[in-house]
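What follows is the residue order along each chain.
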Amino acid sequence: LYHGVSQRRSRFIGVLKNRNRWQVLINEGRVKKYIGTFKNEQEAALIYDFYSIGINGLKAKTNFAYDRATVISMIESYFEQDHAFNPALFASKI
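Now for a look at the structure at hand.

The rules behind the values
- Residues numbered from 1 in each chain as written.
- Predicted model: local features only at pLDDT ≥ 70, side-chain atom pairs only at ≥ 80, totals over all residues.
- Heavy atoms only, no water.
- Pairing = 2+ DSSP bridges.
- Helix = DSSP H or I, 4+ residues; strand = E, 2+ residues; numbered from the N terminus.
- Axes fitted to C-alpha atoms, helices over the stretch in contact; angles between N-to-C directions.
- Contact = heavy atoms within 4.5 Å.
- Core = buried A, V, L, I, M, F, W, Y, C linked by side-chain atoms within 4.5 Å.
- Buried < 20%, exposed > 50% of the residue type's maximum accessible area, 1.4 Å probe, protein only.
- Salt bridge = Lys/Arg side-chain N within 4 Å of Asp/Glu carboxyl O.
- Phe/Tyr/Trp six-rings, centres within 6.5 Å; stacked < 30°, edge-to-face > 60°.

A word on the pairing of strand E3 (residues 31-38)
Part 1: In this sheet, E3 lies alongside strand E2 (residues 21-28) in antiparallel orientation, the contact comprising 7 bridges. The partner of Trp22 across the bridge, within E3, is Phe38.

Observations concerning the sheet that holds strand E1 (residues 15-18)
Part 1: One open sheet accounts for 3 strands, arranged E1-E2-E3; its pairing is antiparallel. Every other strand in the sheet has two partners, leaving E1 and E3 as the edge strands with one partner each. Recorded for the sheet is a direction-independent mean angle of 30° between the axes of neighbouring strands.
Part 2: Along the sheet, helix H1 (residues 41-56) makes contact with E1, E2 and E3, crossing E2 at roughly 15°.

Observations regarding the nonpolar core
Generally speaking, soluble globular proteins have nonpolar side chains that are buried together.
Part 1: With 22 residues, the main nonpolar core has Leu46, Tyr51, Tyr66, Met74 and Phe85 as its most contacted residues.
Part 2: Within the residue set of this core, elements represented by two or more residues are E2, H1 and helix H2 (68-80).
Part 3: For this core, the element with the highest residue contribution is H1, accounting for 8 residues.

Let's talk about the pattern of salt bridges
Part 1: A full pass over the atoms with the stated rule returns 2 salt bridges.
Part 2: Between Glu41 and Arg11 there is a salt bridge, with its nearest N and O atoms 3.8 Å apart. Linking Glu41 in helix H1 with Arg11 in the segment before E1, this pair joins segments that are 30 residues apart in sequence.
Part 3: In this structure, Lys33 engages Glu28 in a salt bridge whose closest nitrogen and oxygen atoms are separated by 3.8 Å.

Structural notes on the packing of aromatic side chains
Part 1: Here the structure, examined in full by the defined rule, presents 5 aromatic pairs.
Part 2: Aromatic side chains Phe12 and Phe64 sit 5.4 Å apart centroid to centroid with 50° between the ring planes, which places their arrangement in the tilted category. With a gap of 52 residues between them, Phe12 in the segment before E1 and Phe64 in the loop between H1 and H2 connect regions that are remote in the sequence. Comparing Phe12 with Phe64 shows no difference in burial state: the two are buried.
Part 3: Cluster of aromatic residues (ring-pair linked, three or more members): Phe50, Tyr51, Tyr78 and Phe79.

On their own, these measurements won't tell you what the molecule is for.
Printed below as a string of structure tokens:
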């Protein structure tokens, strides 16, 4: 800890620093699910949002504000792409 704040902490929900990469974890019901690690903190936050929206729909807590059409597009992509996510498709929306 540094001055009472963890060095792993991120300013985004569901994102933690793990050495030189950013780790994404999401709660799915009572189970914490590991999504992966990413080079960029903002990309990790976007990936968290995608999975949060895919799991929780319009009630999802997200790191960025999205319009309704983008949320619906993320939900459709979540189910059509077998839960795979391409951040490049949505990076311009944040």
